[in-house]
Amino acid sequence: MPNAQEPSPSRETLAPRVLIADDEELIRTGFRLILTSRGIEVLGEAADGVEAIAEAERLRPDVLLMDIRMPKLDGLEAAKRVLRLLPRCRVLMLTTFDLDRYVYAALAAGASGFLLKDVTAAHLAAAVRLVNTGDALLAPSITRRLVERYATTLEAGRAEAAHRPVSAATVDRTSPLHRDLAPLTPREREVLVLLGRGLSNTELAATLTLSEATVKTHVARIFAKLALRDRAQAVIIAYETGLVTPGSSTAE
């Protein structure tokens, strides 16, 4: 019988349990072989969006690898539904192109990051382990570039909308997600700016002359105050609130 005083294993110490959702059998088989060979359990596979939801609800994975473009139900909508059912699940979207226009929407919907399908075996395994902890946003520079591209398009759309008659439909379509940053301290806002620019904890610590432990504390408080799941959502919020703007290189 285990010692009652011993703490329960955390997500950081346990190997993640994974569900792979992709309509290409070769991709699913390849990813399964890569992950299992590195000690990561693959609970199952799904060939379309509808099946991915059903399997996720049945198997309750820690991490869901989800192709963005899926038959029957696209990966974006499937990811949204999975995250509503399983708030603790981490979703990694799979895409062929690093500037897929759906990736921004996936991150905004709660996905924890994305991977290119030609990812190396070592990167795939490391990505699954990292996203399971919620401690790191994968490929932050690529994600930031994608968000900046989308944000620039969004701003252009808002400028155009400003010259059209205002209607409820127009407001719904062009208004950014409102997120009150008032609960954040000045230091936390500074950290959020740097998160939005894609810096890792190590880079944050060096930039702010803080220990990584202190940085992790600031990041955890930001997540708690703004009800964020992980760093991917922090990037999105930093842009949508205007705290970080496309092309900016300094704290606003």
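Residues numbered from 1 in each chain as written. Predicted model: local features only at pLDDT ≥ 70, side-chain atom pairs only at ≥ 80, totals over all residues. Heavy atoms only, no water.

As a further point, take the pattern of salt bridges. Evaluation of the coordinates by the stated rule reveals eleven salt bridges. One salt bridge connects Lys117 with Asp22, and the closest N-O pair in it is separated by 3.0 Å. Of the two residues, Lys117 is situated in the loop between β5 (113-116) and α5 (121-133) and Asp22 in the loop between β1 (17-21) and α1 (25-37); the sequence distance between them amounts to 95 residues. Taken individually, Lys117 and Asp22 each receive the classification buried, so the pair is uniform in this respect. Of the charged contacts in the structure, one is a salt bridge between Asp48 and Lys72, with a shortest N-O distance of 3.7 Å. Residue Asp48 is located in the loop between β2 (41-46) and α2 (49-59), and its partner Lys72 is located in the loop between β3 (63-67) and α3 (75-85); the two are separated by 24 residues in the primary sequence. By relative accessible area, Asp48 is classed as buried at 9%. (Salt bridge = Lys/Arg side-chain N within 4 Å of Asp/Glu carboxyl O. Helix = DSSP H or I, 4+ residues; strand = E, 2+ residues; numbered from the N terminus. Buried < 20%, exposed > 50% of the residue type's maximum accessible area, 1.4 Å probe, protein only.)

Time to look at the environment of Leu43. Following the sequence through the fold, Leu43 ends up in strand β2. Classification of Leu43 as partly exposed rests on a relative accessible area of 21%. Excluding its chain neighbours within four sequence positions, the residues that come into contact with Leu43 are Arg17, Val18, Leu59, Arg60 and Pro61. (Contact = heavy atoms within 4.5 Å.)

Here we take up the pairing of β1. Of all five residues making up β1, four are buried, and the element is well covered by its neighbours. Pairing between β1 and β2: five bridges, direction parallel. Paired with Leu19 across the bridge in β2 is Gly44. Taken together, β1, α1 and β2 form a β-α-β motif whose crossover is right-handed. Here β1 runs beside β3; their pairing, made up of four bridges, is parallel. Bridge pairing in β3 links Ala21 to Met66. (Pairing = 2+ DSSP bridges. Right-handed = clockwise from strand over helix to strand, strands pointing away.)

The next subject is the packing of helix α8 (residues 186-196) against helix α11 (residues 231-240). Interhelical geometry of α8 versus α11 gives an angle of 100 degrees and a closest axis separation of 8 Å. With respect to each other, α8 and α11 are oriented roughly perpendicular. Between α8 and α11, the contacting residues are Leu192, Leu195 and Gly196 on the first element and Arg231, Ala234, Val235, Ala238 and Tyr239 on the second. Its residues placed into classes, the contact of α8 with α11 shows six nonpolar, one polar and one charged. (Axes fitted to C-alpha atoms, helices over the stretch in contact; angles between N-to-C directions. Parallel < 35°, antiparallel > 145°, perpendicular 65-115°, else oblique. Nonpolar A, V, L, I, M, F, W, Y, C, P; charged D, E, K, R; others polar.)

Turning to the confidence of the model for the protein, a few remarks are in order. Averaged over the protein, the pLDDT score is 77; the fraction of residues at 70 or greater is 70%. When pLDDT is averaged over each element of the protein, β1 comes out on top at 96 and helix α7 (residues 168-174) at the bottom at 35. (pLDDT = per-residue confidence, 0-100.)

Okay, the environment of Glu212 next. Along the chain, Glu212 falls in helix α10 (residues 212-226). For Glu212, a relative accessible area of 36% puts it in the partly exposed group. Glu212 sits eleven residues away from Asn201 along the chain, and the two C-alpha atoms are 6.2 Å apart. Apart from residues no more than four positions distant in its own chain, Glu212 is found in contact with Asn201, Thr202 and Ala205. Engagement of the side chain of Glu212 in a polar contact is seen with the side chain of Thr202, the distance being 3.1 Å. (Polar contact = N/O pair within 3.5 Å; in protein donor to acceptor, adjacent residues only side chain to side chain.)

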